[in-house]
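# Fold and contact review
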Amino acid sequence: MNLVVSQPMFLPWIGLFEQVRLADRFIHYDDVQLPQGRSFISRVQVKGPDGVRWLTAPIDRRRSGRTIRESWYVEGDDWRDKHLRTLRAYYGEAPYFPEMFDLAEKIYAHPSSNVAEFNANAVELVAAWLGIGTSFGYSSACNVGGRSSVRLLEIAKKTQATKYITGLGALKYLDHEIFEREKIEVAYMSYQNHPWPQLHGEFVPYVTILDPIANCGKEAALGICSSSIYWREYIELTK
C-alpha cells in the first residue's frame, strides 16, 4: 500500500496531485506547526495577462493556534469573492474556463474557514474531479506519537503502508533506515513536469492546479503521470 503524507496546501500545483495519484492512502499532515510568514499553506500562484501573481488567503492570526489544524482563515466572503474575480479575469478566455470555474466555486463555497479543512477539501474535490481514486485521511486522526521521521514511520505503520512516497525536500531530514527496518520502502518523487497548453506567454509550471484544468479540462489528468524512485537509487543519481 502506497502512502503519501503532506501538509494541506492551498489550491496546490500539479505536482501535489502527482503524489496523490501515486498514493493508495494520502494523509493530510494537519497537526504540525503552521509555517511562519508566507507559505504554500495559504497562497498559490496564478498566471494571467499581466504575468504570475499570488492568490493569498488571509489567516486570522488572533484566532489561530500553533498547528495547521488550529489555524483559521479570516471569516467572510471578501477574500473568497476576490479570488473568484481574479480567476475569472485570468482564465476567462481559457477553453475550459466554465468547467474550472464551476469547480472553483464549489471549493470556495466550503463552509469551514479552518485552514486544514478548507485546503484538504479543495485537494479532495480536485482529485475526484480528475478521476483520482485515492483515499484520504488526517494525521490528527491517526493517534500516533513521535516527531519528524519517527512520527512519519508511525503513521506508515498505522496505515499498514508498504511504501512511503515523499517529495525531494525530505532528503534533508528523513531517516530512511528506520523505515527499512520495518520493511517499508521509501521512494522519492520523479517529477516529469510535462508542459500543457497555457495562455499568456511562456509556460510556467508552478501555478495552481486550476490552471491546467482551465486550459485542458479533464485531459489535465493525462499530464499527471510522474513516477517515484527508490531512495538509494535516487541518491546515486544525484551524486
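Residues numbered from 1 in each chain as written. Predicted model: local features only at pLDDT ≥ 70, side-chain atom pairs only at ≥ 80, totals over all residues. Heavy atoms only, no water.

### Regarding the environment of Asn193
Looking at the secondary structure, you find Asn193 in the loop between strand 7 (185-190) and helix 7 (210-216). Sequence-wise, Asn193 and Glu124 are 69 residues apart; in three dimensions their C-alpha atoms are separated by 21 Å. With residues up to four places along the chain from it excluded, the contact list for Asn193 reads Trp13 and Tyr206. (Helix = DSSP H or I, 4+ residues; strand = E, 2+ residues; numbered from the N terminus. Contact = heavy atoms within 4.5 Å.)

### Looking at the pairing of strand 2 (residues 25-28)
Both strand 1 (residues 2-6) and strand 2 contribute to a ladder of four bridges, which runs parallel. For Leu3, the partnering residue across the bridge sits in strand 2 and is Arg25. On the question of chirality, the crossover connecting strand 1 to the parallel strand 2 by way of helix 1 (residues 14-22) is right-handed. When strand 2 meets strand 5 (residues 135-138), the two strands line up parallel, connected through four bridges. For Ile27, the partnering residue across the bridge sits in strand 5 and is Gly137. (Pairing = 2+ DSSP bridges. Right-handed = clockwise from strand over helix to strand, strands pointing away.)

### Considerations on unusual backbone geometry
Most of the time, phi is negative for any residue but glycine, and the peptide bond is trans. If you check the backbone angles, Leu11 has positive phi at about 40° while not being a glycine. If you check the backbone angles, Asn193 has positive phi at about 55° while not being a glycine.

### Comments concerning the sheet that holds strand 5
Within the open sheet, the six strands sit side by side as 5-2-1-6-7-8. Their pairing is mixed. Of all the strands in the sheet, just strand 5 and strand 8 (227-230) have a single pairing partner and so form its edges. Taking the axes of each pair of neighbouring strands and ignoring which way they run, one obtains an average angle of 30° across the sheet. In the packing of helix 4 (residues 115-129) onto the sheet, contacts are made with strand 2 and strand 5, and the angle to strand 5 comes to roughly 175°. (Axes fitted to C-alpha atoms, helices over the stretch in contact; angles between N-to-C directions.)

### Structural notes on the pattern of salt bridges
Counted under the stated rule, the structure contains eight salt bridges. Here Arg69 ties to Asp30 by a salt bridge, and the two come within 2.7 Å at their closest N and O atoms. You can see Arg69 sitting in the loop between strand 4 (51-56) and helix 2 (78-91) and its partner Asp30 sitting in the loop between strand 2 and strand 3 (43-48), a full 39 residues away along the chain. Since its relative accessible area comes to 0%, Asp30 is described here as buried. For the salt bridge of Arg151 with Asp31, the shortest nitrogen-to-oxygen distance reads 2.7 Å. A residue pair is termed long-range when its members are at least 10 positions apart, and Arg151 in helix 5 (residues 148-158) and Asp31 in the loop between strand 2 and strand 3 qualify at 120 residues. Note on Arg151: relative accessible area 9%, which makes it buried. Here Asp31 falls in the partly exposed class, since its relative accessible area comes to 23%. Taken together, the salt bridges that share partners define one network made up of Asp30, Arg69 and Glu117. (Salt bridge = Lys/Arg side-chain N within 4 Å of Asp/Glu carboxyl O. Buried < 20%, exposed > 50% of the residue type's maximum accessible area, 1.4 Å probe, protein only.)

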